[in-house]
Amino acid sequence: MNKPVLILGGGPAGLTAAHALASIGQKSVLVEKEDRLGGAPILSGYARLVPSREWAKDAIGGMVERVAGNGLVDVRTSMTVKEFSGEPGNFTAKLADDSTIEAGAAVLCTGFTHFDSVSKPEWGFGTYPDVVTTTQVEQMFSSGQGVRCPSDGRKPKRVAILLCVGSRDRQIGREWCSKVCCTVSCNIAMEIREELPDCHVYIYYMDIRTFGLYEDLYYWKSQEEFKVKYIKARIAEVTSDGEKLIVKGEDTLVKRPITIPFDLVVHAIGMDPNVDNMLLSSIFGVELQKHGHIARASTYSAMGATSRPGVFVAGAATGPETIDDSIAQGQGAAMAALAGAPAVKAAAE
Ligand SMILES: Cc1cc2nc3c(=O)[nH]c(=O)nc-3n(C[C@H](O)[C@H](O)[C@H](O)COP(=O)(O)OP(=O)(O)OC[C@H]3O[C@@H](n4cnc5c(N)ncnc54)[C@H](O)[C@@H]3O)c2cc1C
Ligand code: SF4
């Protein structure tokens, strides 16, 4: 393709798409709205990733380096696309600084938005400083500080991790599983036990979805080697007695009410559709599926195709995805963009 491929979003999916194209000599323009590349793992300061256990700054940082230093990738950070027009092989994108890019195809790798826990007020986030999210715990580890109670900096002796916060919750319109938060929570629980061996860690769950090999590597390992305790429960609320946080609900296995004190409560937050998706849908003329993710065609018929010919999609822009899958999709969409695969009907479901 003579013209470059426009890639929107510099997370794991977009970085992979750019690298895959460069490795076969194809130019791309990578447009990222933030001032840094790396996507959620870098922008939100994740610590050790599952399943590789590599630090995000090394694993994803390495992906950033090989793209940022590549002459075939024109990186534009702190930038967005304002207008997009044309046909496959001959698109024009107008950027926010009013420059224009001629592109043969486009790949949307615009990812997701973290669920905002204040939308679940009964579970204490925003009311009590020691109710935090998995993202905050990741940041505690990646900063080297370790897990502490934000209110006074003490080491917690009892930690509760609440799963499915902002996922699998029809009352607040989240009818999807965020796929990776069970495994991430098992991993965080083990890391807390490793750092603070006297700390008791409890995971409150509806179901455990440590899919595939993660069942053994995270679920069983966290119980058997790290003595993390799992309680199947419906959590009603998180309050405080002035000294401790109090988790109230029902143990749904023994069908008994529970009221348990903790020092730190962690929300395992889900992956919402990117808040920009309505705008992206109108700029790029692509359909969204019913929950607001960018609709993609069945991967059996056309990898990464959207409802618009010549515009492709990869990674968490399409719904909750792991980094591994985002990378695979980024590569697939890059190849589809090069081949100029036609759009087929994108799935609205
Ligand atoms: C707490 C937490 C921990 C996690 N830990 C793991 C883990 O250990 N292992 C794992 O496999 N997965 C993990 N995940 C999932 C992981 O974050 C995603 O799989 C991954 O970030 C998806 O990559 P992506 O490139 O598709 O999207 P993102 O990482 O979301 O990247 C999208 C990029 O697009 C940019 N962008 C967005 N909108 C625009 C726009 N309009 N214009 C230009 N640029 C735009 C964003 O700024 C961002 O840089 C975790 C998720 C959470 C919530
Ligand atoms: S992966 Fe686990 S915590 Fe995340 S939404 Fe699915 S079941 Fe809930």
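Numbering of residues begins from 1 in every chain and follows the order in which that chain's sequence is written. All chains are assigned letters beginning with A, and all ligands numbers beginning with 1, in the order in which they are written. Two thresholds apply to this predicted model, a pLDDT of at least 70 for residue-level local features and 80 or more for giving and counting side-chain atom pairs, whereas whole-chain, interface and lining totals are computed over all residues.

Asks: Describe in detail the overall build of the protein chain, supporting the description with residues and values.
Replies: Helix and strand content of the protein chain: eight helices and 17 strands. Considering only C-alpha atoms, the protein chain reaches an extent of 65 × 40 × 35 Å along its principal axes. Three exposure classes are used, all based on how many other C-beta atoms lie within 10 Å of a residue's own C-beta (placed from the backbone): buried at 20 or more, exposed at 12 or fewer, and partly exposed between those limits. Residues counted as buried form 47% of the 349 residues belonging to the protein chain. Whether two residues are in contact is decided by their C-beta atoms, placed from the backbone, lying within 7 Å. The contacts in the protein chain between residues at least 6 apart in sequence include a share of 67% that link residues at least 24 apart. In this text, helices come from DSSP runs of H or I with a minimum length of four residues, and strands from runs of E with a minimum of two, each type numbered from the N-terminal end.

Asks: Any details on the sheet that holds strand β4 (residues 81–87)? Residues and values, ideally.
Replies: One requirement defines pairing of two strands: DSSP has to find at least two bridges between them. A sheet is described by the order of its strands in space; here three strands give the open sequence β4-β5-β6, paired in antiparallel fashion. The two strands at the open ends of the sheet, each matched to only one other strand, are β4 and β6 (100–103). The mean inter-strand angle of the sheet, taken between neighbouring strand axes irrespective of direction, is 15°. In terms of strand pairing, strand β5 (residues 90–95) meets β6 through four bridges, oriented antiparallel. Inter-axis angles, ranging from 0 to 180 degrees, are taken between N-to-C directions of lines fitted to C-alpha atoms, where helices are fitted over the stretch in contact.

Asks: Help me get a handle on the packing of helix α1 (residues 12–23) against helix α8 (residues 323–339), residues and values and all.
Replies: α8 packs onto α1 with a crossing angle of 40° between their chain directions and a minimal axis gap of 7 Å. The orientation of α1 relative to α8 falls into the category oblique. Of the two elements, α1 crosses α8, and the hand of that crossing is right-handed. Only I323, S326, I327, Q329, G330, Q331, A333, A334, M335 and L338 of α8 make contact with α1, whose side of the interface consists of P12, A13, G14, T16, A17, A20 and L21. Taken together, the residues that form the contact of α1 with α8 break down as 11 nonpolar, six polar and no charged. Here roughly perpendicular refers to angles of 65 to 115 degrees, roughly parallel to angles under 35, roughly antiparallel to angles over 145, and oblique to all remaining angles. The crossing is said to be left-handed when, going from far helix to near helix, the turn is anticlockwise and less than a right angle, and right-handed when the turn is clockwise. Here the nonpolar group is Ala, Val, Leu, Ile, Met, Phe, Trp, Tyr, Cys and Pro; Asp, Glu, Lys and Arg are the charged ones; every other residue, Gly included, is treated as polar.

Asks: How would you summarise helix α3 (residues 56–68) if you had to cite specific residues and measurements?
Replies: By this rule, a helix spans an expected 1.5 Å times one less than how many residues it contains. With 13 residues, α3 extends 17 Å between its outermost C-alpha atoms, agreeing within 8% with the 18 Å of an ideal straight helix rising 1.5 Å per residue. To get the bend at a given residue, fit one axis to the seven residues ending there, fit another to the seven starting there, and take the angle between those axes. Of all the bends found along α3, the most pronounced is centred on G62 and spans about 25°. Of all the residues in α3, the buried ones are A56, I60, M63, V64 and V67. Here the buried face of α3 lies against α1, β2 (28–31), α2 (39–43), β3 (73–76) and α4 (134–142).

Asks: Describe the sheet that holds strand β10 (residues 158–165), and please don't skip the residues or the numbers.
Replies: If you walk across this open sheet you meet the seven strands as β9-β15-β10-β11-β12-β13-β14, and the pairing is mixed. Here the strands that pair on one side only, and so sit at the sheet edges, are β9 (131–133) and β14 (256–262). Each neighbouring strand pair of the sheet contributes to a mean axis angle of 40°, computed without reference to strand direction. When β10 meets strand β11 (residues 200–205), the two strands line up parallel, connected through five bridges. Note on β11: the bridge partner recorded for R158 is H200.

Asks: Residue-level account of the environment of E225, with values.
Replies: Here E225 shows up in the loop between α6 (214–224) and β12 (229–240). Among the residues examined, E225 registers 11 C-beta atoms within 10 Å and is labelled exposed. Measuring from C-alpha to C-alpha, the distance between E225 and M190 comes to 8.7 Å, with 35 residues separating the pair along the chain.

Asks: With reference to specific residues and values, describe the domain arrangement of the protein chain.
Replies: Note that the domain bounds reflect an automated or database-derived domain assignment. As assigned here, the protein chain comprises domain 1 (5–111 + 274–339) and domain 2 (117–270). Centre-to-centre, using C-alpha coordinates, domain 1 lies 31 Å away from domain 2. Contacts between the two partners involve 13 residues from domain 1 and, on the opposite side, 17 residues from domain 2. Residues that form the side of domain 1 that touches domain 2 fall into these classes: six nonpolar, five polar and two charged.

Asks: So, the pairing of β2: which residues are in play, and what are the values?
Replies: Here β2 shows no split at all, with S28 and L30 on one side and V29 and V31 on the other all buried. If you view a crossover with the strands going away from you and the path from the first strand over the helix to the second runs clockwise, you call it right-handed. Note on the crossover from strand β1 (residues 5–8) through α1 to β2: the handedness is right-handed. Bridging between β2 and β3 involves four bridges; their strand directions are parallel. Residue pairing across strands places L30 opposite V75, the latter belonging to β3.

Asks: Explain the nonpolar core residue by residue, including any values.
Replies: Here is a general trend for soluble globular proteins: nonpolar side chains tend to be buried in one another's company. Buried Ala, Val, Leu, Ile, Met, Phe, Trp, Tyr and Cys residues form a nonpolar core when they are connected through C-beta atoms within 7 Å. Counting residues in each nonpolar core, the largest one holds 101 residues, and the members touching the most others are A17, A106, V107, L108, I161, L162 and F312. With near-sequence residues (within four places) excluded, A106 lies in contact with L6, L8, F84, F91, F284, G310, V311 and F312.

Asks: How would you summarise the site of ligand 2 if you had to cite specific residues and measurements?
Replies: Using the backbone to place each C-beta atom, any residue with that atom within 6 Å of a molecule or strand is considered near it. Near ligand 2 you find 13 residues, and of these C164, S167, C177, C181 and C182 are the closest. Listed by contribution, the elements that provide at least two residues to the shell around ligand 2 are β10 and α5 (181–195).

Asks: Would you mind going over the site of ligand 1 in detail, with residue names and values included?
Replies: Around ligand 1, 42 residues are found, and the nearest of them are G9, G11, G39, G111 and G315. Among the elements of the structure, α1, α2, β8 (112–114), α4 and α8 are those that each provide at least two residues to the shell around ligand 1. In terms of residue count, the dominant contributor to the shell around ligand 1 is α2 (four residues). Composition of the shell around ligand 1 by domain shows at least three residues from each of domain 1 (5–111 + 274–339) and domain 2 (117–270).

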